[in-house]
Amino acid sequence: MVNDVSDWPNVSIEDTEEQRAQAKKISDEIDDAIQRERRAKEEKRPPRKVLLLGPSQSGKSTLLKNFHLLFAPKSFHAEAEAWRAVIHLNLAQSVNFILDNLSTPNTISPGNKLFLRQDAGPDVGQLRIRLSPLRQVEISLNQCLTVEHEATPRRPISLYNNILRTEGTSKSSIRGGSAWKALAKSQTLHSSIKSELQKTRSILDACRDDIVSLWSDPAVREQLKKQGTTLEDSSVFFLDNAFRVAARDYIPTADDILRARLETIGVEEHRIVMETADAGEEWIFYDIEGSRGQRASWVPYFDDVHAIIFLVSMADFDQSLPDDPQVNRFADSFTLWKTVCENKLIAQTPVMLLLNKADLLQEKLSAGIFFAQFVKEFGDQPNDLKSVSKYFKTLFMAAHDIHSPKERRLFVQTTCAIDTQAMSLVLREVKEVILVAMLKGNMI
Ligand SMILES: Nc1nc2c(ncn2[C@@H]2O[C@H](COP(=O)(O)OP(=O)(O)OP(=O)(O)O)[C@@H](O)[C@H]2O)c(=O)[nH]1
Ligand SMILES: [Mg+2]
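Keep in mind that this is a model prediction, so the values were computed, not measured.

Caption draft 1: Geometry of the sheet that holds strand S8 (residues 410-414). With respect to topology, six strands assemble into an open sheet ordered S2-S3-S1-S4-S7-S8, the strand pairing being mixed. Both edges of this open sheet fall to strand S2 (267-273) and S8, since each of them pairs with a single strand only. Here the average twist between neighbouring strands, direction ignored, is 20 degrees. Two strands pair when backbone bridges link them, and strand S1 (residues 48-53) and strand S3 (residues 282-288) are joined in this way by five bridges, in the parallel orientation. Bridging from a neighbouring strand, valine 50 pairs with phenylalanine 285 of S3. This element, helix H15 (residues 385-403), spans strand S4 (307-313), strand S7 (351-356) and S8 of the sheet and lies at about 165 degrees to S8. Across the sheet, helix H16 (residues 420-440) touches S1, S3, S4, S7 and S8, and the angle it forms with S8 is around 175 degrees.

Put into structure tokens, the structure is as follows:
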């Protein structure tokens, strides 16, 4: 029997600390084990796979950029340098396209305001000479963006094979894929590409006053308008912002990146590792080229994806297809939508429909372009955004219900893919719909 404290086992302060340290070690090990288990579970979790479908220029790649910006902002912003090259190419091509489409002084009729001007406006002949280095900028940037940047040095590519220009529109059509994004990694970039990029930035910087003069000249705009020459929206955006964009120290903003036009070629796979919600989770997007000749290449992806997002541009109703002037873009989108709906391979796959370019639709309707003039069935309904987008929604939903082989819920949303705030709400919802559908189908 222990009567005296001196008989107690020797429990010193050092012992207690040791025990505490031991307990902490065990607790840390348990925490580590839990973390490892969680990570192992996550690693086993298959990546979420999403297929982006829709006609050319409907906004598929822009939606993907929004997703990247929202859920993996660090890696999105890390690519800004690579996007700068795309934006500079967009700008140089737009200027060259304008100059190509303006009559030369030799071919204009006497009295043409543009060249025989009485006012103190810029002399386009002089601007043409001073802006001629932008031809080289276009060639160099095309080269930089079309080589494979990984370990190997540049692969010779015939530059202008990749540049398609349809009459009346300017088009930046360099090869897609993600190898060009290596331009963002300046540490590992081939020195010749680095110096080429620096040279193009210096030339653009030196030309920026002249670009602004050309684009702000009302006579230039007037002549382009008279000729029926239209520029793509992204061209107009970068020309409007030329002074900022052509500056030597320019770094693209998120808005600029969303506006940059880089036509998708074939089917591109993009992997996004989530940084915000569900950090570490991987999403794979298959971003496809929307032109008509490419649509058969989508099918192999149908039975391997968890969801399909189909985009339609609501603003294309007054345009025809670049590769077939007989076909109206609205009609083409609707036919394509029906084809996708009726496909048996995706009968069980959740489909989301985004009716995009609401801002451009609004602009066209406000400018007095009548939707009913191109889509007779619209009849005498009011020519406003609300009525036209409701018409789109009703028509596309009805087609979905009629043509789908099995009953399936459809998520429909009107969007403006260059509005990051509005898109963040839509994308959070889209993500939820996909995850719920995967859970229901035991795909997680
Ligand atoms: N104003 C406006 N522009 C948009 C919108 N969505 C996309 N764009 C612009 O439209 C152009 C075409 O968009 P993309 O995302 O490249 O189109 P895509 O469907 O991927 O086209 P392909 O790759 O040719 O199949 C880009 O310059 C975008 O910035 C929108 O809602 N409003
Ligand atoms: Mg694309």
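Caption draft 2: Up close: the coordination of the magnesium ion (ligand 2). Protein ligation of the magnesium ion (ligand 2) involves Ser61 (OG) and Thr264 (OG1), the donor distances falling in the range 2.0 to 2.1 Å. Separated by 203 residues along the polypeptide, serine 61 in helix H2 (residues 60-71) and threonine 264 in the loop between helix H11 (254-259) and S2 bring together distant segments of the chain.

Caption draft 3: Seen up close, the site of ligand 1. Lining the immediate surroundings of ligand 1 are 24 residues, of which Lys60, Thr62, Arg261, Gly290 and Asp359 lie closest. Within the contact set of ligand 1, an oxygen atom lies 2.9 Å away from a side-chain nitrogen or oxygen of threonine 264. Compared with its free state, where it exposes 660 Å², ligand 1 has 97% of that area covered by protein. Where the shell around ligand 1 is concerned, the elements lending two or more residues are H2, H11 and helix H13 (358-366). The greatest single-element share of the shell around ligand 1, amounting to three residues, is contributed by H2. Taken together, domain 1 (46-72 + 274-440) and domain 2 (80-259) each give at least three residues to the shell around ligand 1, which thus spans both.

Caption draft 4: Highlighting the packing of aromatic side chains. Enumeration according to the criterion identifies 18 aromatic pairs in this entry. Centre to centre, the rings of phenylalanine 67 and tryptophan 283 are 5.2 Å apart; their planes meet at 45 degrees, and the pair counts as tilted. Here the residue phenylalanine 67 occupies a position in helix H2, and tryptophan 283 occupies one in strand S3, the gap between them amounting to 216 residues. With centroids separated by 4.9 Å and ring planes inclined at 50 degrees, the aromatic side chains of tyrosine 286 and tyrosine 301 adopt a geometry described as tilted. In this pair, tyrosine 286 sits in strand S3 while tyrosine 301 sits in the loop between S3 and S4, placing the two residues 15 residues apart along the sequence. Here tyrosine 286 falls in the buried class, since its relative accessible area comes to 7%. Judged by relative accessible area, which is 25%, tyrosine 301 ranks as partly exposed. An aromatic cluster is built from Phe310, Phe317, Phe330, Phe334, Trp337, Phe371, Phe374, Phe378, Tyr391, Phe392 and Phe396, whose rings are joined through pairwise contacts. Geometry around phenylalanine 243 places arginine 208 over its ring, the cationic atom sitting 3.9 Å from the centre. The side chain of lysine 364 reaches across the aromatic face of phenylalanine 317, ending 5.9 Å from its centre.

Caption draft 5: Representation of the pattern of salt bridges. Applying the stated criterion across every chain yields a total of 15 salt bridges. Note that arginine 271 and glutamate 269 form a salt bridge whose closest N and O atoms lie 2.9 Å from each other. Given a relative accessible area of 40%, glutamate 269 falls into the partly exposed group.

Caption draft 6: Examining the side chain of aspartate 287 more closely. By the element assignment, aspartate 287 lies in strand S3. There is no salt bridge for the buried aspartate 287, and the closest opposite charge comes from lysine 60, which lies 5.7 Å off by N-O distance.

Caption draft 7: Focus on a nonpolar patch on the surface. Among the surface-exposed residues, Ile26, Ile30 and Ile34 lie close enough to one another that they form a single nonpolar patch of about 250 Å² accessible area. Following the sequence through the fold, isoleucine 26 ends up in helix H1 (residues 13-44).

Caption draft 8: Spatial organisation of the packing of helix H4 (residues 80-101) against helix H6 (residues 133-146). The interhelical angle for the contact between H4 and H6, taken along N-to-C directions, is 140 degrees, at an axis separation of 9 Å. H6 is crossed by H4, and the crossing has left-handed handedness. In this structure, H4 uses Ala85, Val86, His88, Leu89, Ala92, Gln93, Val95, Asn96, Leu99 and Asp100 to contact H6, whose residues at the interface are Leu134, Arg135, Val137, Glu138, Leu141, Asn142 and Leu145. Looking at the contact of H4 with H6, its residues break down into ten nonpolar, four polar and three charged.

About the cut-offs
- Residues numbered from 1 in each chain as written.
- Chains lettered and ligands numbered in written order.
- Predicted model: local features only at pLDDT ≥ 70, side-chain atom pairs only at ≥ 80, totals over all residues.
- Heavy atoms only, no water.
- Pairing = 2+ DSSP bridges.
- Helix = DSSP H or I, 4+ residues; strand = E, 2+ residues; numbered from the N terminus.
- Axes fitted to C-alpha atoms, helices over the stretch in contact; angles between N-to-C directions.
- Contact = heavy atoms within 4.5 Å.
- Donors = N, O, S within 2.8 Å, 3.2 Å for Na, K, Ca; no water.
- Near = heavy atom within 4 Å.
- Polar contact = N/O pair within 3.5 Å; in protein donor to acceptor, adjacent residues only side chain to side chain.
- Areas by Shrake-Rupley, 256 points an atom, 1.4 Å probe, with all protein chains shown as cover.
- Domains from an automatic or database assignment.
- Phe/Tyr/Trp six-rings, centres within 6.5 Å; stacked < 30°, edge-to-face > 60°.
- Buried < 20%, exposed > 50% of the residue type's maximum accessible area, 1.4 Å probe, protein only.
- Lys NZ or Arg CZ within 6 Å of the ring centre and 35° of its normal.
- Salt bridge = Lys/Arg side-chain N within 4 Å of Asp/Glu carboxyl O.
- Lys, Arg positive; Asp, Glu negative; His and termini not counted.
- Patch = residues over 30% accessible without salt bridge, like charges linked within 9 Å, V, L, I, M, F, W, Y side chains within 5 Å.
- Left-handed = near helix turned anticlockwise from the far one by under 90°.
- Nonpolar A, V, L, I, M, F, W, Y, C, P; charged D, E, K, R; others polar.

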